[in-house]
Amino acid sequence: NVSAASSRSPLDGHGHGREDLIRFLMRFFVEIEHTGADDAFYTKFNHRFHVLTIVDYLWSNPAGPHRTALKRVANEHTKEFVRFFNMLLNDVHHCFGSGLEGIEEAHRIENQVPDQGEGPIQAFMRQTENRLRMEMIQRQCCFMLEYSTGLLELIERFSQEVGE
């Protein structure tokens, strides 16, 4: 059947690889904790974001093998699953915390009182700096809060699936 074959995802694959895809993605999510790179924090979240994007895609196919595979990993590899789940929770905590810190910093910038002895050039420089800083804070806060919301949704879906 052509339509059935074309609707299958290449990620559904065949055999052993298909059954272990979720487990391997979970393992990678955990192991990326320590990259050794200078920009490890951003590298870790960037890779985790992409891993979770793949997991979300896999999850969008309720008839696919990946939900069953998740239950199998939770039951047969409990320690790995718990470590993955704990990392998800840690990331949620960190992202919400970072997002709230960014909001606090933006509030401090907005409430800055200009120096009375400040000349027009200094005032312009301070305002430009503050505007650029606010734009960066906004981007970071949006990413952190969106990422943490996505993590919470994933945690909810995984909890429902494994709890059944």
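This text gives an overview of the structure that appears in the document. (Residues numbered from 1 in each chain as written. Predicted model: local features only at pLDDT ≥ 70, side-chain atom pairs only at ≥ 80, totals over all residues. Heavy atoms only, no water.)

A word on the overall build of the protein chain
A tally of regular secondary structure across the protein chain gives six helices and zero strands. Taking the contacts inside the protein chain whose residues are at least 6 apart along the sequence as the reference set, 79% of them involve residues at least 24 apart. Here the protein chain has roughly 10600 Å² of accessible surface; of this, 57% comes from carbon and sulfur atoms. (Helix = DSSP H or I, 4+ residues; strand = E, 2+ residues; numbered from the N terminus. Contact = heavy atoms within 4.5 Å. Areas by Shrake-Rupley, 256 points an atom, 1.4 Å probe, with all protein chains shown as cover.)

Section: the side chain of N130
Residue placement: N130 occurs in helix α6 (residues 120–163). Take N130: its relative accessible area is 15%, and that puts it in the buried class. Reaching out from N130, the side chain makes a polar contact with the side chain of Q112 at a distance of 2.8 Å. Filtering out sequence-adjacent residues up to four positions away, N130 remains in contact with I109 and Q112. (Buried < 20%, exposed > 50% of the residue type's maximum accessible area, 1.4 Å probe, protein only. Polar contact = N/O pair within 3.5 Å; in protein donor to acceptor, adjacent residues only side chain to side chain.)

With respect to the packing of aromatic side chains
Following the criterion strictly, the structure yields seven aromatic pairs and no others. A ring pair is formed by F49 and F143, whose centres lie 6.1 Å apart and whose planes are at 55°; its orientation type is tilted. Of this pair, F49 sits in helix α3 (residues 40–59) while F143 sits in helix α6, placing them 94 residues apart in sequence. By relative accessible area, which is 34% here, F143 ends up partly exposed. (Phe/Tyr/Trp six-rings, centres within 6.5 Å; stacked < 30°, edge-to-face > 60°.)

Topic: helix α5 (residues 78–110)
The end-to-end C-alpha distance of α5, which contains 33 residues, comes to 48 Å, matching closely the 48 Å that a straight helix rising 1.5 Å per residue would cover. By the burial criterion, the buried members of α5 are F81, F84, F85, M87, L88, D91, V92, C95, G99, G102, A106 and I109. (Expected span 1.5 Å × (residues − 1).)

Some details on the environment of H34
Summarising the element assignment, H34 is placed in the loop between α2 (15–31) and α3. Classification of H34 by relative accessible area gives exposed; the value is 70%. Measuring from C-alpha to C-alpha, the distance between H34 and K44 comes to 7.8 Å, with 10 residues separating the pair along the chain.

Concerning the packing of helix α4 (residues 66–76) against α6
Two elements in contact, α4 and α6, have axes separated by 9 Å at closest approach and are oriented at 75°. Taken together, the axis directions place α4 and α6 in an arrangement best described as roughly perpendicular. Between α4 and α6, the residues in contact are R67, L70, K71 and A74 and F158, E161 and V162, respectively. (Axes fitted to C-alpha atoms, helices over the stretch in contact; angles between N-to-C directions. Parallel < 35°, antiparallel > 145°, perpendicular 65-115°, else oblique.)

Concerning the environment of C141
One can find C141 in helix α6. For the pair C141 and G102, spaced 39 residues apart in sequence, the C-alpha to C-alpha distance is 6.0 Å. Here C141 is in contact with G99, G102 and I103, once residues within four sequence places are set aside.

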